[in-house]
Each structure stands twice: as structure tokens, then as C-alpha cells.
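# Commentary on secondary and tertiary structure
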Amino acid sequence: MKKIGFLSFGHWSNHPAYNAQTASDTLLQSIDLAVAAEEIGLDGAYFRVHHFASQLASPFPLLSAIGAKTSKIEIGTGVIDMRYENPLYMMEDAGAADLISGGRLQLGISRGSPEQVIDGWRYFGYEPAKGESDADMGRRKALEFLELLNGVGFARPNPNPMFPNPPGLLRLEPYSEGLRERIWWGAGSNATAVWAAENGMYLQSSTLKNDESGKPFHVQQAEQIRLYKDAWIKAGHQRKPRISVSRSIFALVTDQDRYYFGQEAGRSDKIGMIEPGKRAIFGRSYAAEPDQLIKELAQDEAIQEADTLLLTIPNTLGVDYNIHVLSSILQHVAPGLGWR
């Protein structure tokens, strides 16, 4: 058995072929998609966060709206770039969204990746401390966020408050019990996967990572996951770790599927540079008839190591088509792999 969710980048564009032409379209369709995904039995609705782009950027209003309209599906991000975040304000927003959803938030965070503008976090008012890189700043803010989620009071109360205070130092509110244990780290390297385990975060591994051995992507990702699991055990955490991997997977069951994604069949990994001096490997997409797709996915070592699979979706093609894409995986592929 494997949890299966979708991951939407939330694109929109004034393009005649797009069903999501405005920000409003994307936000409202994202809510509808999560509701429909819950109805077909999907386990998770996850959303990417990008700033300065025609894509989803402010996750907590969206997650709260989805939480209010659903009752079972996990709701999350993959990922929030911590370089742009105020951990205190974020803790309040996350607590509210988690309480609205009844404790279903699965919050993916990370130090971030190259963005649409140069050092975009500077426009948000943030600077690395002396001797820090922007990546260091992102990880520091993540640890500050985790500390706040422990719910321990830290702020000295006003002796003459507007409203009575409880005794002792005050914490931020609203506080959601258990959210600290549902934070995921998006790791692009083996070292940051180990760091996530040491700090008690679940692991999100996407369709790209640092090329650290020259091996195929799924093999490198599986090795990353095994290092994470070992580090989790060594850290002595009392709960089981969770690991998600994301993939672009399309079962070709209709002529429309073949038209949209038939050219993806047989694709291979790609090598590129997402940052100066860092060689990255990008995992292949999967597109085939269901029987062939089952054979190919069974050979993906990283999927086998993970307990959660996030299916990246073409959100601009609309809610109905994306539910068809997800239903095709649930009906024609997942049973053959023992995921359902």
C-alpha cells in the first residue's frame, strides 16, 4: 500500500488552450480539484510555492479553504521556500490552517531553489546573517519555525495587558498540537536529507537532485532515501519516518492522453545546472499504456523506498482532465503495483 497524492505547480496564463488563465482560475480550480480528488480516493493534495511568477505563491489561504471543504485528504505543500518566510507569522498561519483542516496539514518546506528574480527574498526584507549563505538562512529559519511549533512560551508578557494572560512566558497562537510532527523537508542532496532526519522532519524528494554519483536518477534518489532512513534511526525518533517522491506519470488510456503525453514515452533522465557549480539530475517522466507503465514503475527503486507518491499534474488542462489523469493511475496502475 502506498499513499498517492497530486502535486500542482498552480500555473496560469492567458493562453487560449489553458483552462486556468488567471490567478483566480487557478486558486478556485485548486480547491475544486482537491475536493474531487478526495471523492475518488486520493490521499493527498499538495501545492508548490513560487514567488514572482504566474503560479501559486501564498499557500495558507488556499490550504485553509481546501481544509474547510474536505474532510479526509491530506493537504500540503511541496515546498515553501523558507528564505522568504517570517517563521513567527508563518507559525500562526500554519496553525490556523491545520486547525481548520482538523489536523490534516502536511507542510513541506525547504531552503529554496533558483527563483524568477535575483535574490527575491531581499525584496521581502530578508538578508543572510554575516557569514551565512542564502541556503544557510533558509535552514536557520526552518529550525526557528520548528522550535516555535513545539509550543513553548518565549515572549515576556505585558504586566498590564488588554486581556488576562496565562502564567509564564507566552507562545504564538493559534497553536495546533501535532503539527510539529507533520513537517517535511525538501532535500536536493544526500547531506540535507540526513539533516532533515536528524531534525525530525519527514523527507520530500522531487524529480531533481544533485548529481552525486552519476548513477540513474531513481537509483541516486533511492540511495538518498536509505541514508535518510538510517539517520532517522540513529537520531532515536520514536515515530516512523515518512518519505515522498514526486513523479510525472501518465497512463495512456484515451486518444486525448496520447495526444497530450504520448511523446513522453521512453524519455530518459536529464543532466543540467540549476545553480552555478552544481550539477543536477532530472528524473524522467513516465507515459505508457497501463501494462507497460506498471512494468516501468516497478523498476523505479526510489518509488519502492517511499511510502508516498506525489503525481505532478498539468493543472492548466482543468479539473476534469486532471481527475481523469489521477483516476487512471488509481484504477489501471496502482492495483498492479500493490499500491491499492
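Every chain's residues receive numbers from 1 upward, in the order its sequence appears when written. Given that the model is predicted, a residue must reach a pLDDT of at least 70 before its local features are reported, and side-chain atom pairs must reach 80 or more before they are shown or counted; all residues, however, enter totals for whole chains, interfaces and linings. Each side-chain value is worked out from all heavy atoms of the structure, with water and hydrogens disregarded.

Exposure classes here rest on a 1.4 Å probe applied to the protein chains alone. A residue is buried below 20% of its type maximum, exposed above 50%, and partly exposed in between. Put simply, DSSP H or I for four residues or longer makes a helix, DSSP E for two residues or longer makes a strand, and each gets a number counted from the N terminus. By the alternation rule, side chains of strand β2 (residues 44–47) split into Gly44 and Tyr46 and Ala45 and Phe47, which are all buried. Only strands that DSSP links by at least two bridges are regarded as paired with each other. Bridge count between strand β1 (residues 3–8) and β2: four bridges; the pairing is parallel. Across the sheet, glycine 5 pairs through a bridge with glycine 44, a residue of β2. Tracing the backbone out of β1, into helix α1 (residues 23–39) and back to the parallel element β2 gives a crossover that is right-handed. Both β2 and strand β3 (residues 74–77) contribute to a ladder of four bridges, which runs parallel. Here is how to tell: hold the view so the strands point away, follow the path from the first strand over the helix to the second, and if it runs clockwise the crossover is right-handed.

Checked against the element boundaries, glycine 200 lands in the loop between α5 (190–198) and β7 (202–205). In this structure, glycine 200 is in contact with Arg180, Trp232, His237 and Arg239, ignoring residues within four places of it in sequence. A contact between two residues is defined here by any heavy atoms of the two lying within 4.5 Å.

This paragraph deals with the nonpolar core. Judged by nonpolar contacts, the single largest core of 78 residues is most densely connected at Phe6, Leu107, Ile109 and Phe145. Counting residues per element, this core draws most heavily on helix α10 (residues 319–333), at six residues. Once residues lying within four places of it in the same chain are set aside, the contact partners of phenylalanine 145 are Met82, Pro87, Met90, Met91, Ala94, Leu107, Ile109 and Ile183. We call a set of buried Ala, Val, Leu, Ile, Met, Phe, Trp, Tyr and Cys residues a nonpolar core when their side-chain atoms join them within 4.5 Å. Counting seven residues, the second largest nonpolar core, distinct from the first, contains Phe250, Leu252, Ala287 and Val325.

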